[in-house]
Amino acid sequence: MNIPMQPRAQTKGLVAVVDDDESLRRTVATVLKLEGFDVLAASDGADALQRIRGGPCRPGAIILDWSMPTMDGAAFRRAQCEDPALANIPVVVLTGDAVARTEAQELGVSTLLTKPVRLQVLLSVLAEMLRLPSGSTG
Amino acid sequence: MEPTIGETQKSIPSLDAERTARFQKNLLELQMEASPDGLIVVSPSRSILLSNRRFVEIWRIPDAVVRMHDDHEAVQATRARVREPQEFVARIEWLYSHPEVDAHDELELVDGRVLERHTAPVRDRESGTYYGRLWSFRDISNRKLLAGERIARRAAEIAAKRQAILAEVGRVLMEGADDRTLRTVLSLLVPYLGRVCMLHLFGDDGSLVPLCWPPSSAGLPELAARDGAALAMRKRSRVFESKFLALPVQCRGEILGAAVFHADAPGFFDDERVELAEQVVARVALARLGDRLQRALRDAVSARDEFLSIASHELRSPVAGLQFASDALRRAISSGRVPNFPPTLSELLQSSENHVLRISTLVDTLLDVTKLRSGRLHLELEELDLRGVARDVVARHCAGAGLANCDVRLIGDRPVFGYWDRARVEQIIDNLVSNAVKYGAGKPVTVTVGVERGTARLVVADQGIGIPPHRVGRIFDRFERAVSARAYEGLGLGLYIVGQIVSRLGGRVNVESELGVGSTFTVELPTSGPSDIREVEA
């Protein structure tokens, strides 16, 4: 699989938003675009894998919901770890489910945000993951 | 030489007849005096022809009355002694007007004695001429007393036995009304309520489950039991085939099943036994219904908690969307990306942000409650400074209120370290401070932090409206608040959450309050953290 390592130069980077809640997905996508990110939106784990693998470039970070139909956050994370081309993409789990924390930690996810979260917090996490210069999200 | 009676009769008939009559009269008088009964003979014209001493004794009337030989006087004297004087006199008059009648009855006297009364006409055996009426009275008080005592003793024994059975049944049913318990109840009834005792009760799936004691006799009177159960299901209690007693098991108009008792002896089910069976069955019905209601209540509470849990989870996504959207708008305006943004719209945006904050707090609260209810509250323990956390919370409140207006003050000059969950300790302080500000009537609130012998103490005191005495004890219950829900918003869950988290952290919280003076909440937390977690980690 041949996925370019970098997104378009004029944006802050490509972020995948994986959430089955369409309304929230759209809002996050809109907000991130407003903040200068490119966004790849997917409705569950399988959809995300397909879009990332089939897309023109690899996302620099993945915002992942944990409870989803078809392929949930845990299953996606396992598939991601098994795919060397995707394994290194940092993941932030954004969930309303507190029990996801332990499961996510076991699957090597270091950042978990509980819904609802302030935009500033999410942007800081993304900035760190995408190694953006400080002040770029302020 | 005195002539013999035979010679006298033969030689001087008139004199002999006179002597014989005197002899017979003497004999009669002797017999009458020797009688244990009070006797009196009254002529048709109601004069007293004969009476004995015992009559006077029994009736406790003056001799003079009898010596008047007037029966009306005797009736007047005796009527005052009986319980039912009118009936007594009427009966006497009726008997005098019916000379042919023999009668036997009992009289109750006002002094408690009971007399047996017998009366019969006195007639000439040959001619049938009616001479009058003989009355005889016997005091049977002792006999009555003994019989009464025997009956009372027997009744007391039966009552004691019944009470013992009912008490034991009640004790067993305290534990519930499952099959095992009900079999124990049945075992207590054998043999007093029959050789075989059965219950046929509807199970959760609506089918009729038979329970029998002794267990080995199940099926023995099966047909009759089935008939009896069917009979009882029609809400009728009755003895049938003279050896079975069938009772409906019902409570508040609902049929829960039937009870059937079987005995070998016909007539076994007398009133006493039927009544006892009814009382036992009523207790069984109540316990059974109690069990069902308890189960239904648990299910309902569990369903409610489940619903709250799902609802608060489901609400998180739309609230997150709202939060992102309003944050993004605010960032866009602040960064100047939206030039000439009208101040009115900015105010609206601020209002929207406030509402998002409120709804997100409510959702958090609901979720916390569901976690606490289901025991799923996860604690992340770390070493932290209680005073530092309190300082941050107070600072946040002051930032919200505007520093100049801040009426929340922190007291405590040393850090207080302990092993706690930072977010939860923050929540405790935040809830107590918010509460104090909310009900503080605008007067200063103090937060005092200290430590003593391994116990950290946090005291939040206000000078507000206070809590009515009758509500102080319930203030840490769910949905409880000191004043009406209309006056102060919120779910009434803040102090419940405080109480629960403090308890999970191994501490305790209490409140002292006086109406119109204020409330003081004191939280005590072991600095070593909750004991159950310490044990696990040790």
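One structure accompanies this document, and this report is about it.

Thresholds, definitions, all that
Residues numbered from 1 in each chain as written. Chains lettered and ligands numbered in written order. Predicted model: local features only at pLDDT ≥ 70, side-chain atom pairs only at ≥ 80, totals over all residues. Heavy atoms only, no water. Helix = DSSP H or I, 4+ residues; strand = E, 2+ residues; numbered from the N terminus. Buried < 20%, exposed > 50% of the residue type's maximum accessible area, 1.4 Å probe, protein only. Contact = heavy atoms within 4.5 Å. Areas by Shrake-Rupley, 256 points an atom, 1.4 Å probe, with all protein chains shown as cover. Arc of directions from axis to C-beta. Salt bridge = Lys/Arg side-chain N within 4 Å of Asp/Glu carboxyl O. Phe/Tyr/Trp six-rings, centres within 6.5 Å; stacked < 30°, edge-to-face > 60°. Lys NZ or Arg CZ within 6 Å of the ring centre and 35° of its normal. Patch = residues over 30% accessible without salt bridge, like charges linked within 9 Å, V, L, I, M, F, W, Y side chains within 5 Å. Buried area = accessible area lost by both parts, 1.4 Å probe. Polar contact = N/O pair within 3.5 Å; in protein donor to acceptor, adjacent residues only side chain to side chain. Nonpolar A, V, L, I, M, F, W, Y, C, P; charged D, E, K, R; others polar.

### Comments concerning the overall build of chain B
For chain B, the count of helices and strands is 16 helices and 17 strands. Evaluated residue by residue, chain B yields a buried proportion of 41% over its 538 residues. Within chain B, residue pairs in contact and separated by at least 24 positions form 58% of the contacts whose partners lie at least 6 positions apart. If you sum the accessible surface of chain B, you get close to 30,000 Å²; carbon and sulfur atoms cover 54% of it.

### Thoughts on the overall build of chain A
Within chain A one finds 5 helices and 5 strands. The N-to-C order of helical and strand elements in chain A reads β-α-β-α-β-α-β-α-β-α. The burial tally for chain A puts 55% of its 138 residues in the buried class. Residue pairs in contact within chain A that sit at least 24 positions apart in sequence constitute 64% of those at least 6 positions apart. Split by element, the accessible area of chain A, about 6,500 Å² in all, is 49% carbon and sulfur.

### Here we look at helix H8 (residues 179–189) of chain B
Residues and elements named next belong to chain B. Within H8, the full set of buried residues consists of Thr181, Leu182, Val185, Leu186 and Leu189. Down the axis of H8, the buried side of the element spans an arc of 145°, and every buried residue falls inside it. Where H8 is buried, its residues touch helix H7 (141–173), strand S6 (196–202), strand S7 (208–213), strand S10 (254–262) and helix H10 (271–334).

### Re the pattern of salt bridges
Residue and element names in this part refer to chain B. Per the counting criterion, the structure on display carries 42 salt bridges over all chains. One salt bridge in this structure joins aspartate 364 and arginine 316, with 2.8 Å as the shortest N-O distance. In this pair, aspartate 364 sits in helix H11 (residues 343–374) while arginine 316 sits in helix H10, placing the two residues 48 residues apart along the sequence. Owing to a relative accessible area of 5%, arginine 316 belongs among the buried residues under this scheme.

### Digging into the packing of aromatic side chains
Residue and element names in this part refer to chain B. Summed over all chains, the structure comprises 6 aromatic pairs over all chains. Ring geometry for phenylalanine 55 and phenylalanine 137: centres 5.8 Å apart, planes at 50°, overall tilted. With a gap of 82 residues between them, phenylalanine 55 in helix H3 (residues 53–59) and phenylalanine 137 in strand S5 (residues 130–139) connect regions that are remote in the sequence. Just as phenylalanine 55 is buried, phenylalanine 137 falls in that class too. An angle of 90° between the planes, with centres 5.1 Å apart, marks the rings of phenylalanine 268 and phenylalanine 269 as edge-to-face. A relative accessible area of 9% means that phenylalanine 269 is categorised as buried. A cation over an aromatic ring shows up here: arginine 133 above the ring of tryptophan 135, its NZ or CZ 5.9 Å from the ring centre. We note arginine 273 situated over the ring of tyrosine 192; from NZ or CZ to the ring centre the distance is 5.1 Å.

### Thoughts on the environment of alanine 104 of chain A
Residue and element names in this part refer to chain A. If you trace the backbone, alanine 104 turns up in helix H4 (residues 100–106). Judged by its relative accessible area of 1%, alanine 104 falls in the buried class. Note: C-alpha distance between alanine 104 and glycine 73 (31 residues apart in sequence) is 8.4 Å. Non-local contacts of alanine 104, meaning those with residues more than four positions away in its chain, are made with Trp66, Val93, Val109 and Leu112.

### Regarding a nonpolar patch on the surface
Taken together, the side chains of Phe23, Leu27 and Leu30 of chain B present a nonpolar region at the surface, about 330 Å² in accessible area. Along the polypeptide, leucine 30 of chain B turns up in helix H2 (residues 13–34).

### Overview of the interface of chain A and chain B
Taken together, the 23 residues of chain A in the interface contact 18 residues of chain B. For the pair chain A and chain B, the two sides together bury roughly 1,700 Å², of which 59% comes from carbon and sulfur. When the area that chain A buries against chain B is broken down by residue, the three leading residues are Pro116, Arg118 and Leu119 of chain A, summing to 30%. Applying the counting rule to chain A against chain B returns 3 salt bridges. Ionic pairing is found between glutamate 35 of chain A and arginine 331 of chain B, a salt bridge with its closest N-O pair at 2.7 Å. Our enumeration of links across chain A and chain B arrives at 8 residue pairs in polar contact (both at pLDDT 80 or more). At the level of secondary structure, the elements contributing two or more residues to the side of chain A that touches chain B comprise helix H1 (22–34) and helix H5 (119–129) of chain A. When residues in the side of chain A that touches chain B are grouped by element, the largest group, 5 residues, is from H1 of chain A. Of the residues contributing to the side of chain A that touches chain B, the split by class is 11 nonpolar, 6 polar and 6 charged.

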